[in-house]
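Listed below are the residues making up each chain.
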Number of protein chains: 2
Amino acid sequence: MKQEKMDQLTDPAYYILLSVLEARHGYAVMQYIEDMTEGEFIVGPATLYTLVKKLQKAGLITLLDSPGDRRKTYEATQEGREMLQREIERRRRMAAHGAQAFQHLQGSEGNEK
Amino acid sequence: MKQEKMDQLTDPAYYILLSVLEARHGYAVMQYIEDMTEGEFIVGPATLYTLVKKLQKAGLITLLDSPGDRRKTYEATQEGREMLQREIERRRRMAAHGAQAFQHLQGSEGNEK
DNA sequence: TTATGATATATCTGTTAATGATATAGTATG
DNA sequence: CATACTATATCATTAACAGATATATCATAA
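Remarks on helix 1 (residues 11-19) of chain A
Okay, so step 1: Counting buried positions along helix 1 of chain A yields seven of nine residues, so the element is predominantly enclosed.
Okay, so step 2: Here helix 1 of chain A has its buried residues at Ala13(A), Tyr14(A), Tyr15(A), Ile16(A), Leu17(A), Leu18(A) and Ser19(A).

Below, the structure is given as structure tokens:
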């Protein structure tokens, strides 16, 4: 029944998990992402609550108990933080692959003869 | 009828477009991606030929004519190269957002009082 | 010469992922 | 007491991905 294990993070999942490195509730996560990305990346409620549930099932975030508060506050687990470190590196590698391909291009263009 | 305009690139599309900065045919693209990413990222034929068609419709790649060759060779257009530059930057920003969030964490942990 | 494996392109289809729209209710303030 | 914002949640549609399969060519070694 449990849909355990996310082996890597999609962009929305990445930003949500990043947001709860410090404890935050769902609505605040949406605002935080919009702020941190200067409006470039927006996560709406459908995406947010769907993914929060999934991240929780995967053990990457945990629900903190906050009695007498209708808000649900989440925080990244140790496993979540490790996943994030890997995902940051993966995105760096992707960017590096791109830069590399362009470099290789400049190092060989118009070099006939 | 035309499904014009890709405003940003998914990871498979990004790697395919990168691969045809220098003219390459489809099968070679698959190999190139596996090589460049040291096996981390693999694009199979279903994904490849689907996306090649889409990238072409979006004007990001163009089919070169190579008479008497069953292979179809593609190359990124100017528009494609510009898209790639933006996509490299976007991935850098995503990685930077991640690093930033971790930094902010270290700059405030255990600082009650 | 033919069988084997690699090259090369292509589509069909099931599954997963993302998201707009909508719903509901609590809270603050003028 | 109405308006706007806060807050959580699901439904339903669309888009993306990718395994499986199909077909044909080419190189080469037995």
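Some remarks on the protein's contact with DNA strand C
Okay, so step 1: Taken together, 20 residues sit near DNA strand C, with Thr10(A), Ala46(A), Gly26(B), Pro45(B) and Ala46(B) positioned nearest.
Okay, so step 2: Listed by contribution, the elements that provide at least two residues to the surface near DNA strand C are helix 1 and helix 3 (45-57) of chain A together with helix 2 (26-36) and helix 3 (45-57) of chain B.
Okay, so step 3: When residues in the surface near DNA strand C are grouped by element, the largest group, five residues, is from helix 3 of chain A.

Digging into the relation of the copies chain A and chain B
Both copies of the chain are related by a screw-like operation: a rotation about an axis and a shift along it.
Okay, so step 1: Taken as rigid bodies, chain A and chain B are interconverted by a rotation of 180° and an axial shift of 0.0 Å, the fit giving an RMSD of 0.0 Å. The superposition of one copy onto the other is thereby described by a two-fold rotation axis.
Okay, so step 2: Comparing interface residues between copies, 100% of those in chain A also lie at the interface in chain B; the contact surface is shared.

Description of the interface of chain A and chain B
Okay, so step 1: Contacts between the two partners involve 18 residues from chain A and, on the opposite side, 18 residues from chain B.
Okay, so step 2: Sorting elements by how many residues they give to the side of chain A that touches chain B places helix 4 (residues 78-106) of chain A first, with 13 residues.
Okay, so step 3: Here the residues of the side of chain A that touches chain B are counted per class, giving eleven nonpolar, three polar and four charged.

Observations regarding the protein's contact with DNA strand D
Okay, so step 1: Every one of the 20 residues lining DNA strand D counts as a neighbour, but Gly26(A), Pro45(A), Ala46(A), Thr10(B) and Ala46(B) are closest to it.
Okay, so step 2: Among the elements of the structure, helix 2 (26-36) and helix 3 of chain A together with helix 1 (11-19) and helix 3 of chain B are those that each provide at least two residues to the surface near DNA strand D.

Section: the packing of helix 1 of chain A against helix 4 of chain A
Residues and elements named next belong to chain A.
Okay, so step 1: Viewed as axis vectors pointing N to C, helix 1 and helix 4 meet at an angle of 130°, and their least axial separation amounts to 10 Å. Taken together, the axes of helix 1 and helix 4 are oblique relative to one another. When you trace helix 1 past helix 4, the crossing you get is left-handed. Mapping the contact onto sequence places Tyr14, Leu17 and Leu18 in helix 1 and Gly80, Met83, Leu84 and Glu87 in helix 4.
Okay, so step 2: Its residues placed into classes, the contact of helix 1 with helix 4 shows five nonpolar, one polar and one charged.

Here's the deal with the environment of Arg24(B)
Okay, so step 1: For Arg24(B), the position within the fold is in strand 1 (residues 24-25).
Okay, so step 2: The sequence separation of Arg24(B) and Glu34(B) amounts to ten residues, and the corresponding C-alpha distance is 14 Å.

Overview of helix 2 of chain B
All names here are of chain B.
Okay, so step 1: Turning to helix 2, its buried residues number three or more, namely Val29, Met30 and Ile33. Down the axis of helix 2, the buried set is contained in an arc of 100°. They therefore lie on one face. In this structure, helix 2 carries Tyr27, Gln31 and Asp35 as exposed residues pointing more than 90 degrees from its buried face.
Okay, so step 2: Considering only its buried residues, helix 2 is in contact with helix 1, strand 1 and helix 3.
Okay, so step 3: Just past helix 2, the residue Glu38 takes up positive phi, approximately 50°.

Regarding the sheet that holds strand 3 (residues 73-76) of chain B
All names here are of chain B.
Okay, so step 1: Taken together, three strands build an open sheet; the order of strands is 1-3-2 and the sheet is antiparallel. Here the strands that pair on one side only, and so sit at the sheet edges, are strand 1 and strand 2 (61-64).
Okay, so step 2: As judged from the four bridges shared by strand 2 and strand 3, these two strands associate in the antiparallel manner. Opposite Ile61, over in strand 3, you have Ala76 as the bridge partner.

A look at the sheet that holds strand 2 (residues 61-64) of chain A
Okay, so step 1: The three strands are arranged 1-3-2 (chain A) in an open sheet whose pairing can be described as antiparallel. With one partner strand each, in any of the chains shown, strand 1 (24-25) and strand 2 of chain A form the two edges of the open sheet.

Conventions we followed
- Residues numbered from 1 in each chain as written.
- Chains lettered and ligands numbered in written order.
- Predicted model: local features only at pLDDT ≥ 70, side-chain atom pairs only at ≥ 80, totals over all residues.
- Buried ≥ 20, exposed ≤ 12 C-beta atoms within 10 Å, placed from the backbone.
- Helix = DSSP H or I, 4+ residues; strand = E, 2+ residues; numbered from the N terminus.
- Near = placed C-beta within 6 Å.
- Least-squares fit on C-alpha atoms with pLDDT ≥ 70 in both.
- Contact = placed C-beta atoms within 7 Å.
- Nonpolar A, V, L, I, M, F, W, Y, C, P; charged D, E, K, R; others polar.
- Axes fitted to C-alpha atoms, helices over the stretch in contact; angles between N-to-C directions.
- Parallel < 35°, antiparallel > 145°, perpendicular 65-115°, else oblique.
- Left-handed = near helix turned anticlockwise from the far one by under 90°.
- Arc of directions from axis to C-beta.
- Pairing = 2+ DSSP bridges.

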